[in-house]
Amino acid sequence: MITDKTPLVQVRHLVQTFNAGKKDEVRALQDVSFDIYKGETLGLVGESGSGKTTTGRALIRLYQPTSGEVLFAGQDIAKLKNGSAQMLAFRRQTQMIFQDPYASLNPRMKVKDIIAEGLDIHHLVHSPQERDARVAELLAEVGLNEDHASRYPHEFSGGQRQRIGIARALAVEPQFIIADEPISALDVSIQAQVVNLLKDIQDKKGLTYLFIAHDLSMVKYISDRIAVMHNGRLVELASAAEVYHHPLHPYTKSLLSAIPEPDPDSERQRVPIAYDARQAEGGQRQLVEVLPAHYVYATAAEVAAYRQSN
Amino acid sequence: MAASKHIAPDAFKLAHVAATEKEYIAAPALTFSQDAMRRLKQNKAAVISFWLLVIIFAAALLSLVITPHDPNAQNLNYTYLPPKWGDLNIPFFNGHENGIDMYARNQVPKGTYFLLGTDYLGRDLLSRILVGTRISLFIAVIATLFDLVVGVGYGIISGWNGGWIDTLMQRVIEIISSVPNLVVVILMLLVFKPGLKSIIVAIAVTSWITMARLIRAQTLKLKDQEFVLAAKTLGESSFQIALKHLVPNLSSTIIIQTMFTIPTAIFFEAFLSYIGIGLPAPTASLGTLLNDGQKALQTQPYLLIYPAIVIVVLMLAFNLLADGLRDAFDPRSAH
């Protein structure tokens, strides 16, 4: 699906620390670097608390990164000032789809006003008629009816609400969408519907996605490349197939071994691999390109061993 | 169960439902406030309270234009006249005291009646109650104003900004709230003469504290909600977020807290006037009327009873309406 290999987002040595210097200091991201290419979907997986959501929020500047660079189309957005013209322009180019469809829509606003919020902020429509027409267009795009516009969020199901959230993000015509676990709060049947909708929209508009999730099978389905996170670090980054079939880092292996299989015979044989972070993280390790386009967080000795085994 | 065995499979037909039809919502679109009003109307006590307050408000406002008698006009010939409702001979409302027609004894001209009697200076009690209620409602409006402007603004700024701004603002609130209201008023008396001004200043200093605290707590809860984050990622300014996202979601807290502030403020003024550091002598307020009335409690009990009834009804109505509004806006908190 990747047409050209020009990076749209370049993350360099991103560090995010909360409550720095206090007793409750949290080092949420420790030196994270990766690229997201134009038109691709990068899946970001990892266990709860590994820093997936923090990465997403730092990339969209909901958090002010402690240090490091986040280049969006060559511009360092970590240095943009809140309220500046460049910041407003960046807000149009990057959008986010949130995890909880019940919390991500203002319960006191009509669907029409929720979707049109971005249109109003960026002055994309100039008359109420144009606004209504654009909202109807966006609703149709996500498979909802025009007459849903005058209703309130509490009248919709989880899947419908998530589609309203997608319509809101699409309203400002962004290039890059960060989907922060958009399907983890939905029924399995609705998950497929939403993921397919995201895929269709990507094909139609040539969008770039950062897809954050912890469901590996869903991530493999939607992603071109997968990044695996643990303890605020990227431990492995490669194409979806590569991560799935030739995982190198012990954490990735452990994660994959935990996927249940829908076959009672092989499921009975499946042995989850235990993972000990002390033996595979920290120290002199760095994210190294072990094989072409396959990055692993490892020491020099481990890199040599990985290369040997292949 | 047995009957179902005899249904042939071809009795069923596949229903074809269009994709758009599946998404159709049949229920009428109700706004949040419509929904709340529907629940409020089911609460009889709240509805009665609401209409009582409307009547009291209307009567008090009408007293600006017209009162039965001049509330401050003294006439020593008419002192301590009992209530008299025209020529209707209703017990307690026929102008008799201890079997003597006081109106005849004081040579009150025919056609002059005092519906709730007169006080020790011959002033009409009904007119004074109406004027006094107006003062109480004026105090209520002032307290509401400070609650809405200072309390809500202070709470939102404190909660939204967080960090050292929040810490500083909360310490200021703690200092203010640690000084009792009564002490503030007595200190005001050093600067101002006793009167409306010192009461208003005392309310301005202290009445918005509870509102500010509640709003801050709610704002802290709201600011991490995903719809607020979504507004941020869309590039909405903080002021617009406060206006479009915070205030509408705080509205139930604001309304309910206002309804609890009002009776407190009314009662505060009545209390100050009653103990004699509120409004000065000629002005009528529910507090001064109660104070005057209790002096003649054993001989002319109606002078105390009628103002007391008005203040009781005001308090009860505001509290019941506040309860009703809370249940209507926040159905989960009921019971």
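Residues numbered from 1 in each chain as written. Chains lettered and ligands numbered in written order. Predicted model: local features only at pLDDT ≥ 70, side-chain atom pairs only at ≥ 80, totals over all residues. Heavy atoms only, no water.

Concerning the interface of chain B and chain A
Listed by partner, the interface residues are 27 residues for chain B and 37 residues for chain A. With both sides pooled, the region where chain B packs onto chain A buries about 2700 Å², and carbon together with sulfur makes up 53% of that total. Along the contact surface separating chain B from chain A lie zero salt bridges. Our count for the contact surface shared by chain B and chain A stands at 11 residue pairs in polar contact (both at pLDDT 80 or more). At the level of secondary structure, the elements contributing two or more residues to the side of chain B that touches chain A comprise α10 (226-233) and α11 (238-275) of chain B. The dominant element in the side of chain B that touches chain A, judged by the number of residues it contributes, is α10 of chain B, at seven residues. Of the residues contributing to the side of chain B that touches chain A, the split by class is 13 nonpolar, nine polar and five charged. (Contact = heavy atoms within 4.5 Å. Buried area = accessible area lost by both parts, 1.4 Å probe. Salt bridge = Lys/Arg side-chain N within 4 Å of Asp/Glu carboxyl O. Polar contact = N/O pair within 3.5 Å; in protein donor to acceptor, adjacent residues only side chain to side chain. Helix = DSSP H or I, 4+ residues; strand = E, 2+ residues; numbered from the N terminus. Nonpolar A, V, L, I, M, F, W, Y, C, P; charged D, E, K, R; others polar.)

A word on the sheet that holds strand β4 (residues 67-72) of chain A
Residue and element names in this part refer to chain A. Taking strand neighbours across the sheet as the criterion, the four strands line up as β2-β1-β4-β5 in an open arrangement whose pairing is antiparallel. With partners counted over all chains shown, the strands left at the sheet margins are β2 (26-37) and β5 (75-76), one partner each. Here strand β1 (residues 7-18) runs beside β2; their pairing, made up of eight bridges, is antiparallel. Bridge assignment links Val11 to a residue of β2, and that residue is Phe34. Most of the contacts of helix α1 (residues 52-59) go to β1, to which it runs at about 115 degrees, and overall it touches β1, β2 and β4. (Pairing = 2+ DSSP bridges. Axes fitted to C-alpha atoms, helices over the stretch in contact; angles between N-to-C directions.)

Here we look at the sheet that holds strand β11 (residues 286-291) of chain A
Residues and elements named next belong to chain A. In space, the eight strands of this open sheet follow the order β6-β7-β8-β3-β9-β10-β12-β11, with mixed pairing throughout. Whereas interior strands pair on both sides, the edge strands pair on one side only; in this sheet they are β6 (94-97) and β11. Strand-to-strand twist in this sheet, taken as the mean axis angle between neighbours without regard to direction, amounts to 20 degrees. Where β6 lies against strand β7 (residues 176-180), four bridges are found, and the strand directions are parallel. From the neighbouring strand, Gln95 faces β7, where its bridge partner is Ile177. On top of the sheet, helix α2 (residues 85-93) reaches β6 and β7; it is set at about 50 degrees to β6, its chief contact. Relative to strand β9 (residues 225-230), helix α9 (residues 250-257) is tilted by about 100 degrees, and along the sheet it contacts β3 (41-46), β9 and β10 (233-239).

Structural notes on the UniProt feature "domain: ABC transmembrane type-1" (unreviewed entry) in chain B
Following the UniProt record, one finds the feature "domain: ABC transmembrane type-1" (unreviewed entry) at residues 133-322 of chain B. Taken end to end, residues 133-322 of chain B has its terminal C-alpha atoms 20 Å apart, with 83% of it in helix and 0% in strand. (UniProt positions renumbered as here; feature names shortened; annotations may be inferred.)

Quick word on the UniProt feature "domain: ABC transporter" (unreviewed entry) in chain A
As annotated by UniProt and renumbered to match this structure, "domain: ABC transporter" (unreviewed entry) occupies residues 9-256 of chain A. Measuring from the first to the last C-alpha atom of residues 9-256 of chain A gives 27 Å, for a span that is 38% helix and 25% strand.

So, the pattern of salt bridges
In total, this model carries 24 salt bridges over all chains according to the counting rule given. Between Glu40 of chain A and Arg225 of chain A there is a salt bridge, and its shortest N-O distance comes to 2.9 Å. Placement of the pair is Glu40 of chain A in the loop between β2 and β3 and Arg225 of chain A in strand β9, with a sequence separation of 185 residues. Residue Asp327 of chain B pairs with Arg326 of chain B through a salt bridge whose shortest N-O separation is 3.9 Å. We classify Asp327 of chain B as partly exposed; its relative accessible area is 25%. (Buried < 20%, exposed > 50% of the residue type's maximum accessible area, 1.4 Å probe, protein only.)

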